[in-house]
Amino acid sequence: MLKSWIILDNHDTPRLKNLVKDGAKQRLAQALQFSIPGSPCLYYGVEVGMEGGDDPANRGPCAGIW
């Protein structure tokens, strides 16, 4: 029943990978998201480290693999 609704990124915002360049800080943000009370809210692409800048680039796949 608890929802934290802490969303680090989604298709309407710049992706975490582009906002926070330091990998350790990215992992810290994700650890905090999963350790606060409630269910974490993940938008598709977060689990694979999806990249993307401002709209519409934040809707595309990882730039490094294409």
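Look a little higher up for the structure.
Residues numbered from 1 in each chain as written. Predicted model: local features only at pLDDT ≥ 70, side-chain atom pairs only at ≥ 80, totals over all residues. Heavy atoms only, no water.

Colleague: When you look at the overall build of the chain in this model, what are you seeing that I'm missing?
Modeller: Check the secondary structure of the chain and you find two helices and zero strands. Considering the chain as a whole, with its 66 residues, one finds that 23% of them fall into the buried category. In the chain, the proportion of contacts linking residues at least 24 apart, taken out of those at least 6 apart, comes to 62%. For the chain, the accessible area works out to roughly 4700 Å², and carbon and sulfur atoms hold 64% of it. (Helix = DSSP H or I, 4+ residues; strand = E, 2+ residues; numbered from the N terminus. Buried < 20%, exposed > 50% of the residue type's maximum accessible area, 1.4 Å probe, protein only. Contact = heavy atoms within 4.5 Å. Areas by Shrake-Rupley, 256 points an atom, 1.4 Å probe, with all protein chains shown as cover.)

Colleague: Is there a simple way to explain the side chain of Gln 33 in this structure?
Modeller: Looking at the secondary structure, you find Gln 33 in helix α2 (residues 23-35). Assessed through its relative accessible area of 3%, Gln 33 is described here as buried.

Colleague: Could you clarify how one ought to interpret the pattern of salt bridges in this entry?
Modeller: Oppositely charged side chains are able to pair whenever their charged atoms sit close together. Enumeration according to the criterion identifies one salt bridge in this entry. Between Arg 15 and Asp 9 there is a salt bridge, with its nearest N and O atoms 3.4 Å apart. Both residues of the pair, Arg 15 and Asp 9, count as buried. (Salt bridge = Lys/Arg side-chain N within 4 Å of Asp/Glu carboxyl O.)

Colleague: Would you mind going over α2 with me for this structure?
Modeller: One full turn of an α-helix is made of 3.6 residues, so residues set three or four places apart face in the same direction. In this model α2 runs 18 Å from its N-terminal to its C-terminal C-alpha over 13 residues, within 8% of the 18 Å that 1.5 Å per residue would give. Of the residues that open α2, the one with a side-chain oxygen 3.1 Å from the backbone nitrogen of Ala 24 is Asp 22. (Expected span 1.5 Å × (residues − 1). Polar contact = N/O pair within 3.5 Å; in protein donor to acceptor, adjacent residues only side chain to side chain.)

Colleague: Where do I start with the side chain of Gln 26 in this structure?
Modeller: Note that Gln 26 resides in helix α2. A relative accessible area of 15% places Gln 26 in the buried class. Beyond its immediate chain neighbours, meaning those up to four positions away, Gln 26 contacts Leu 16, Lys 17, Val 20 and Lys 21.

Colleague: Teacher, can you tell me more about the environment of Glu 51 here?
Modeller: As for its position among the elements, Glu 51 is in the segment after α2. For the pair Glu 51 and Lys 17, spaced 34 residues apart in the sequence, the C-alpha separation amounts to 5.8 Å.

Shape is all these values report; function is a separate question.
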